[in-house]
Amino acid sequence: MKVVIEPSWEIALEKVFHQKYFKELVSFVKDEYSNAKVFPPGKEIFNAFWHCPIDKVKVVILGQDPYHGPDQAHGLSFSVKPGIPFPPSLLNIFKEIKTDLGKDMPPNGDLTRWADQGVFLLNATLTVQAALAGSHQNKGWEQFTDEVIRKISYTRTHVVFMLWGAYAQKKAVLIDESKHLILKAPHPSPLSAHRGFLGCKHFSQANSYLSSNRAEPIEW
């Protein structure tokens, strides 16, 4: 099966798509969509890639799983479609932006506006069965997204990687810190945000780093 993905990513990941584990992953995902309710909608699995070609990536924000509730996930980590209430972690992200940059809460939680500026909103696992958090973990997605992170690190320079929580921070070993900025903080979940996510100032730090490397800052 040919993976339909943004052309620059198709070229960058061509070898990955031919690997045995990825073919098995595709087969698993197809079966799941045929036999169960799975999020996000199939055409939105690679949404982050479509909105952010590899040569446009300025910032990577790594999530773990897509949202597993109805109408939430749409292929961008932490993001929800317009009209969907802010999940708690996303609400804390907006609270931190307010504190850090003075920007008011946006009208919706759709982060497509970030993706189109070069913020690559990548979940480690790109699909999930409805109401079953983590149901598509350890099926091959993590191996694939680790390769995506390595590819960004290897082919690009001066990218900001925001690693929130212990799971995301383990991915730091995939990133060349001599070429990129790695920002670490606790996860924005209400369970941990008060331990250092709130007050981390990652958004202003990212923009300062981008500006110092002659890149347009992000309009958060």
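Residues numbered from 1 in each chain as written. Predicted model: local features only at pLDDT ≥ 70, side-chain atom pairs only at ≥ 80, totals over all residues. Heavy atoms only, no water.

Enquirer: What is the right way to read the nonpolar core from this model?
Expert: The tendency in soluble globular proteins is for nonpolar side chains to be buried side by side. Phe49, Trp114, Phe120, Phe144 and Trp220 are the most contacted members of the largest nonpolar core, which has 69 residues in total. Dropping the residues within four chain positions of it, Phe144 is found in contact with Leu13, Val16, Phe17, Tyr21, Phe22, Phe46, Phe49 and Leu126. (Core = buried A, V, L, I, M, F, W, Y, C linked by side-chain atoms within 4.5 Å. Buried < 20%, exposed > 50% of the residue type's maximum accessible area, 1.4 Å probe, protein only. Contact = heavy atoms within 4.5 Å.)

Enquirer: Explain helix 5 (residues 88-101) here, please?
Expert: Taking 1.5 Å of rise per residue, the 14 residues of helix 5 would be expected to cover 20 Å, and the 20 Å separating its terminal C-alpha atoms lies within 8% of that figure. Among all positions of helix 5, only Ser89, Leu90, Asn92, Ile93, Phe94, Glu96, Ile97 and Asp100 are buried. Packed against the buried residues of helix 5 are helix 6 (112-115), strand 5 (160-164) and helix 9 (202-212). Looking one or two residues beyond helix 5, the residue adopting positive phi is Gly102, at roughly 75 degrees. (Helix = DSSP H or I, 4+ residues; strand = E, 2+ residues; numbered from the N terminus. Expected span 1.5 Å × (residues − 1).)

Enquirer: How should I be thinking about the layout of surface pockets in this particular structure?
Expert: If a probe the size of a water molecule is rolled over the atoms, the empty space left behind becomes visible. A volume near 390 Å³ is recorded for the largest pocket. Around the largest pocket sit 26 residues that line it, and Gln64, Asp65, Pro66, Tyr67 and His187 are the ones nearest its centre. For the lining of the largest pocket, the class distribution of residues is 12 nonpolar, 13 polar and one charged. (1 Å grid on protein atoms, 1.4 Å probe; cavity = no way out; pocket = protein on both sides within 12 Å on 5 of 7 lines; lining within 4 Å. Points joined across faces, edges and corners; volume = space filled by probe spheres on them. Nonpolar A, V, L, I, M, F, W, Y, C, P; charged D, E, K, R; others polar.)

Enquirer: Could you clarify how one ought to interpret the side chain of Ser192 in this entry?
Expert: Along the polypeptide, Ser192 turns up in the loop between strand 6 (181-185) and helix 9. At 2.8 Å, the side chain of Ser192 forms a polar contact with the backbone oxygen of His187. Beyond its immediate stretch of four places on either side in the chain, Ser192 contacts Pro186 and His187. (Polar contact = N/O pair within 3.5 Å; in protein donor to acceptor, adjacent residues only side chain to side chain.)

Enquirer: When you look at the pattern of salt bridges in this model, what are you seeing that I'm missing?
Expert: If charged atoms from side chains of opposite charge come close, those side chains can pair. Taken as a whole and judged by the stated rule, the model has six salt bridges. Among the salt bridges present, the one from Lys103 reaches Glu219, with a minimum N-O distance of 2.7 Å. One end of the pair, Lys103, is in the loop between helix 5 and helix 6; the other, Glu219, is in the segment after helix 9, and 116 residues separate them in sequence. Exposure remark for Lys103: the relative accessible area of 28% places this residue in the partly exposed category. (Salt bridge = Lys/Arg side-chain N within 4 Å of Asp/Glu carboxyl O.)

Enquirer: Would you take a moment to explain the sheet that holds strand 6 for this structure?
Expert: As summarised here, the arrangement of the four strands in space is 3-2-5-6, forming an open sheet in which the pairing is parallel. Every other strand in the sheet has two partners, leaving strand 3 (119-123) and strand 6 as the edge strands with one partner each. Across the sheet, the mean angle from the axis of one strand to that of its neighbour is 20 degrees, orientation sign disregarded. Note that strand 2 (residues 59-63) and strand 5 share three bridges and pair parallel. Bridging from a neighbouring strand, Val59 pairs with Val160 of strand 5. (Pairing = 2+ DSSP bridges. Axes fitted to C-alpha atoms, helices over the stretch in contact; angles between N-to-C directions.)

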